[in-house]
Amino acid sequence: MPNGVRTARRRWLLLTPALVILLFAATGPLLIVLVYSFLTPGDYGGVVWTFSTDAWFNVVVERDFFDDTLSFADAHLSIFWRSVKLSLVTTLVAFIVGFPTAYFIATRPRETRDMWMLLIMVPFWTNLLIRTFAVMEIIRNEGVINTGLIQLGIIDAPIQMLFTEFAVTLGMVYVYLPLMVLPIYASMERMDFSLIEAGYDLYASRWRILRKVIFPLVKPGVVAGSILVFVPALGAYVTPRVLGGGKQLMLGNLIELQFGQGRNWPLGAALSISLLAIVMVALFVYVRSAGTQEGRHD
Amino acid sequence: MTKPRAFDVRRQSGFAFVALCCFVLLYLPIILLVVFSFNAGQSIAIWEGFSWRWYVSAWQNEKVQDATVLSLIIATCASLVATSVAVMAALATTRTGTFRGSALVFGMINQPLMIPEIVTAVALLIFFAMVKVATGYTGLWYLIIAHSAFCIPFAYMPIRARLQGMDLSLEQAAADLYGTPWRVFRMVTLPQLWPGVLAGAMLAFVISLDNVIITEFAKSAGQDTLPTYMLGQLRRVVTPEINAISTVLLAISVALVVAFYLLSKSKKQ
């Protein structure tokens, strides 16, 4: 047997167990979701196996129950909009906090940098639900902030922070912040500080150095960090459920509703594929921009 | 002669302050959560003295006991399965060039990292519902397989990284000495690979232990793990018992992550 064929056969044999598991519990089910989005909802959940594109129409338009007129599905669109808006705000805030933090770590002595990064990453590897819950305990009406402010006599009644868009955004910034710091730090660590020195020799101000020297050098890291925060924020489920309390629904919660109370599995499937499509576009933009960046440096 | 004041080119005004705030904000909620798990009172905001009562009440809560056992079973099985198949996959895909279908393989392995978890969760809900109707089996294996699948990339990454840094010549020498492929793997490759395998298994264990969304959607009735039990409890009046459970879970995760960090540090040397 020629050597090449044997290597190829050995490779696929070794890959088979992993691929079978992934096919069974990741890739395969995803294809079924795509199929379900073109079926008709059953009366008590589930589907009827008749082809229909209603689910896809229902993502954006509503058919009036009585006179069959079409109108925009305001409820869905407002949830889409909230998801995009809160994810963008989350990404922006994470950048505003994460960029200086990454810079701070990158300018520490070499021996201590790993320790600082470990401090950033440890919370990230702990339970998402627990971290969300920790935020909830602080901002709820009986929480530390409100109790403290009342005892200090600054306010009389607790400020309602929980179950608002503010709470959801705060929670998402809190849980996804490490994803912003990590790639920015990675590109800052490789940065050549003599370029900054050259800038100062040419009488640039600190702000100008930051904008014209540092930022362009670490831009790939910023793009990576923004995508890494934006993508999970857009698909967030736990944080809006716990901190939004069923009022501040995001896409993830809207999808869940279709499989619970809504009993419209095809619509849930179509919404899932829509979310997936947005995420894929974001990832595609990321891969493209990472590619052109590398090309420019070579 | 006066010495000119040192000009630090690295300094940016305000950055250290923001960074400090960032670290404080990152840890403050977690520290408060842990502190109030030791509260003697019912409150999560007013300190009434130190007590172990919430740990005792969590320990004696039968639902918590069941959920803990289930979480540990699933995390153990899933990390074992994920790590074993990840070792094989890493052996197949490392130290070779691109091969036909490599893009598809990497796409599949990394799928759990790219696809929003809620989408995978819904997909599993649909698929497992079909399989449950077809086979009548509603046991634990659905959750174990589901967890194994999303743990694979986390187990795969450190193993692959370790393999890439390994010296091929030892294995070639062993093969030249007529070692069978299995013997070469067991006696030469695996001992060198071991830190990566251990790191991968620990990461997979943590990821499985912490999972909420996929478990919530893929579980059958009565199959609550600790995170899904906690999610269910949040609707009710919250007592520090939840804090006590959280603290224990946090301690396990932090211990494993720090161990993972030390392991991956040791391999650089």
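Reading the values: the criteria
Residues numbered from 1 in each chain as written. Chains lettered and ligands numbered in written order. Predicted model: local features only at pLDDT ≥ 70, side-chain atom pairs only at ≥ 80, totals over all residues. Helix = DSSP H or I, 4+ residues; strand = E, 2+ residues; numbered from the N terminus. Rg over C-alpha atoms; globule rule 2.2 N^0.38 Å. Buried ≥ 20, exposed ≤ 12 C-beta atoms within 10 Å, placed from the backbone. Contact = placed C-beta atoms within 7 Å. Core = buried A, V, L, I, M, F, W, Y, C linked by C-beta atoms within 7 Å. Domains from an automatic or database assignment. pLDDT = per-residue confidence, 0-100. Nonpolar A, V, L, I, M, F, W, Y, C, P; charged D, E, K, R; others polar. Expected span 1.5 Å × (residues − 1). Bend = angle between axes of the 7 residues up to and from the residue.

*Asks:* Explain the overall build of chain B residue by residue, including any values.
*Replies:* For chain B, the helix and strand inventory stands at eleven helices and zero strands. The linear arrangement of helices and strands in chain B, starting from the amino end, is α-α-α-α-α-α-α-α-α-α-α. Scaling as 2.2 N^0.38, a compact globule of 269 residues should have a C-alpha radius of gyration of about 18 Å, whereas chain B reaches 24 Å, well beyond that. Each of the three principal axes of chain B carries a C-alpha extent, and together these read 90 × 70 × 30 Å. Taken over 269 residues, chain B has a buried fraction of 42%. Intrachain contacts of chain B at a sequence separation of at least 6 include 79% that bridge at least 24 residues.

*Asks:* Could you give an account of the nonpolar core, with specific residues and numbers?
*Replies:* Residues and elements named next belong to chain B. Residues Ala 86, Val 122, Leu 124, Ile 152, Ala 155, Ala 204 and Ala 218 are the most contacted members of the largest nonpolar core, which totals 159 residues. The residues that make up this core include at least three from each of domain 1 (14-51) and domain 2 (63-266). Ignoring anything within four residues of it in the chain, the contact list for Ala 155 reads Ala 82, Thr 83, Ala 86, Gly 200, Ala 201, Leu 203 and Ala 204.

*Asks:* Which residues make up the confidence of the model for chain B, and what are the values?
*Replies:* This prediction gives chain B a mean pLDDT of 88; 96% of its residues lie at or above 70. This complex was scored by the predictor with a pTM of 0.88 and an ipTM of 0.87.

*Asks:* Give a detailed account of the environment of Pro112(B), specifying residues and quantitative values.
*Replies:* Residue placement: Pro112(B) occurs in helix α4 (residues 102-114). Overall, the presence of 20 C-beta atoms within 10 Å leaves Pro112(B) in the buried class. Expressed as a C-alpha distance, the spacing of Pro112(B) and Ile152(B), which sit 40 residues apart in the sequence, is 8.4 Å. Not counting the four nearest positions on each side in its chain, Pro112(B) is found in contact with Ala26(A), Thr120(B), Ala149(B), Phe150(B) and Pro153(B).

*Asks:* So, the interface of chain B and chain A: which residues are in play, and what are the values?
*Replies:* With 64 residues of chain B at the interface, the matching set in chain A holds 65 residues. Broken down by element, the residue count for the side of chain B that touches chain A peaks at eleven residues, all from helix α1 (residues 15-36) of chain B. In the side of chain B that touches chain A, the residues fall into 53 nonpolar, eight polar and three charged.

*Asks:* Explain unusual backbone geometry to me, and be specific about the residues and the numbers.
*Replies:* In this structure, Phe163(A) takes a positive phi of about 65 degrees despite not being glycine. Along the polypeptide, Phe163(A) turns up in the loop between α6 (144-151) and α7 (165-189).

*Asks:* So what's going on with the environment of Pro29(A)? Which residues, and what values?
*Replies:* With respect to the helices and strands, Pro29(A) occurs in helix α1 (residues 3-36). Its 25 C-beta neighbours within 10 Å are what place Pro29(A) among the buried residues.

*Asks:* Describe the environment of Thr189(B), listing the residues and the values that go with them.
*Replies:* All names here are of chain B. Topologically, Thr 189 is positioned in helix α8 (residues 181-210). Taking the C-alpha atoms as reference points, Thr 189 and Arg 53, separated by 136 residues in sequence, lie 50 Å from one another. Setting aside its immediate chain neighbours within four residues, Thr 189 contacts Glu 171 and Val 184.

*Asks:* How would you summarise the domain arrangement of chain B if you had to cite specific residues and measurements?
*Replies:* Residues and elements named next belong to chain B. Split by domain assignment, chain B resolves into domain 1 (14-51) and domain 2 (63-266). The C-alpha-based centres of domain 1 and domain 2 are spaced at 31 Å. With eight residues of domain 1 at the contact, the number on the domain 2 side is eight residues. Along the lines of polarity and charge, the residues of the side of domain 1 that touches domain 2 split into five nonpolar, three polar and no charged.

*Asks:* Now, about α8(B): what can you tell me, with residues and values included?
*Replies:* Between its first and last C-alpha atoms α8(B) spans 37 Å; for 30 residues at 1.5 Å apiece the expected length is 44 Å, and the helix comes up short by more than 12%. At Leu190(B), α8(B) shows its maximal bend, which comes to roughly 55 degrees, and the proline Pro191(B) appears one to four places after that position.

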